[in-house]
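Take a look at the letters that make up each chain.
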Amino acid sequence: MKNILVVGGAGYIGSHTAKVLEEKGYTPVIYDNLTKGHKKAVRGYTFIKGDLGDKKKLAKVFAKHQIDAVMHFAAFTEVGESVLNPSKYYENNFCKVINLLDAMREANIKYFVFSSTAATFGEPIMEYIDENHPQKPINPYGSSKLMVETALKDYDTAYGLKSVCLRYFNACGAHPSGKIGESHSNESHLIPLVFQAALGKRDSIKIFGTDYPTTDGTCIRDYVHVCDLAAAHIAALEKMAETGGSDQYNLGTGSGYSVKQIIDMVKKVTGLEIKIEYGQRRAGDPAVLVASSEKARKILGWFPQYDLENIIKTVYKWEQKRKY
Ligand code: UDP
């Protein structure tokens, strides 16, 4: 197991995983259509500009680079957009993944690591969401990801294609080198937006809802560092190769922070003033989403290394000298 095709590898989580793969002695090969990704994020790696709909190109890449396993990061991830334009989400996040899996079957590649999401669970019915929580997504983004999870079970049964589904909670942070980080054209995520407000790139940060049943009234999320997620991918791949079995893991730190606590931590780390506005709740936001990652800890030996303060420090380093 050496050559890993990182599909969507020029995006946020894909580019960090490519870097951690390289640090651990693997050879990442990046396949990305650059609709969202950044070429600058994958300097120094083999890069192929290509689309997941292009089966012929995938076949060539598999053969030329002797690919042993595939990691998928090429999804669209905006919940609100998925509600307005579900076709875009089912086409890219489901149909194209099926295309990729069929290309893998034809090339006899047996191992697949899939970026899934806490959004496959829908409204939480327990405080810490573990792998036994019912999966009832409440938006097309979550549904498109769950459809792939379902297909993967069937592909294992019928074709012996082994997979691991990793359900991320709130991915955040940047590589400690400060050379790669989070960069979206229409940013909607909390931590990058708080930094924009701190660094004067926007006037203020608006808090979506202050009347949630939480200690300070704002939503609580489980923020997990992108390099910790990357490490989980590699641990999951290695475990799958060792046991020959497919599996699913929820990935979070098990600690929840409110929107206000995030803003306070950015203030503390940067020493900068941040203007706050208070707005209405955002549609589709549950009050609290926190993972139980006991299974990943026990089976993969995965322990997140970054606490909130260190997460925010890596973002500050990235934001101060970002190149894309
Ligand atoms: N949030 C906010 N203001 C913003 C963006 C996000 O108050 O400008 C809140 C959002 O309602 C949620 C949390 O911050 O409770 C994290 O949102 P984000 O979009 O970063 O991630 P999500 O939880 O949707 O995956």
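What you see is a predicted model; the values in this text were computed from it and never measured.

Bringing helix H6 (residues 190-198) into the picture now. Along H6, 8 of the 9 residues are buried, which leaves the element largely enclosed by surrounding structure. Looking at H6, one finds that the buried residues are Leu 190, Ile 191, Pro 192, Leu 193, Val 194, Phe 195, Ala 197 and Ala 198. Next to the buried residues of H6 lie strand E8 (170-172), strand E9 (205-208), strand E11 (223-225), helix H8 (259-270) and helix H10 (308-320). Trailing H6 by a residue or two, Gly 200 shows a phi angle of about 75°, which is positive.

This paragraph deals with the site of the ligand. Every one of the 15 residues lining the ligand counts as a neighbour, but Leu 190, Lys 206, Phe 208, Arg 282 and Asp 285 are closest to it. Interatomic distance of 3.0 Å between a side-chain N/O atom of Asn 170 and an oxygen atom of the ligand. Within the complex, 86% of the 510 Å² of free accessible area of the ligand lies under protein. Secondary structure elements with two or more residues in the shell around the ligand: H6 and E9. Broken down by class, the residue content of the shell around the ligand amounts to 8 nonpolar, 3 polar and 4 charged.

Parameters and conventions
Residues numbered from 1 in each chain as written. Predicted model: local features only at pLDDT ≥ 70, side-chain atom pairs only at ≥ 80, totals over all residues. Heavy atoms only, no water. Buried < 20%, exposed > 50% of the residue type's maximum accessible area, 1.4 Å probe, protein only. Helix = DSSP H or I, 4+ residues; strand = E, 2+ residues; numbered from the N terminus. Contact = heavy atoms within 4.5 Å. Near = heavy atom within 4 Å. Polar contact = N/O pair within 3.5 Å; in protein donor to acceptor, adjacent residues only side chain to side chain. Areas by Shrake-Rupley, 256 points an atom, 1.4 Å probe, with all protein chains shown as cover. Nonpolar A, V, L, I, M, F, W, Y, C, P; charged D, E, K, R; others polar.

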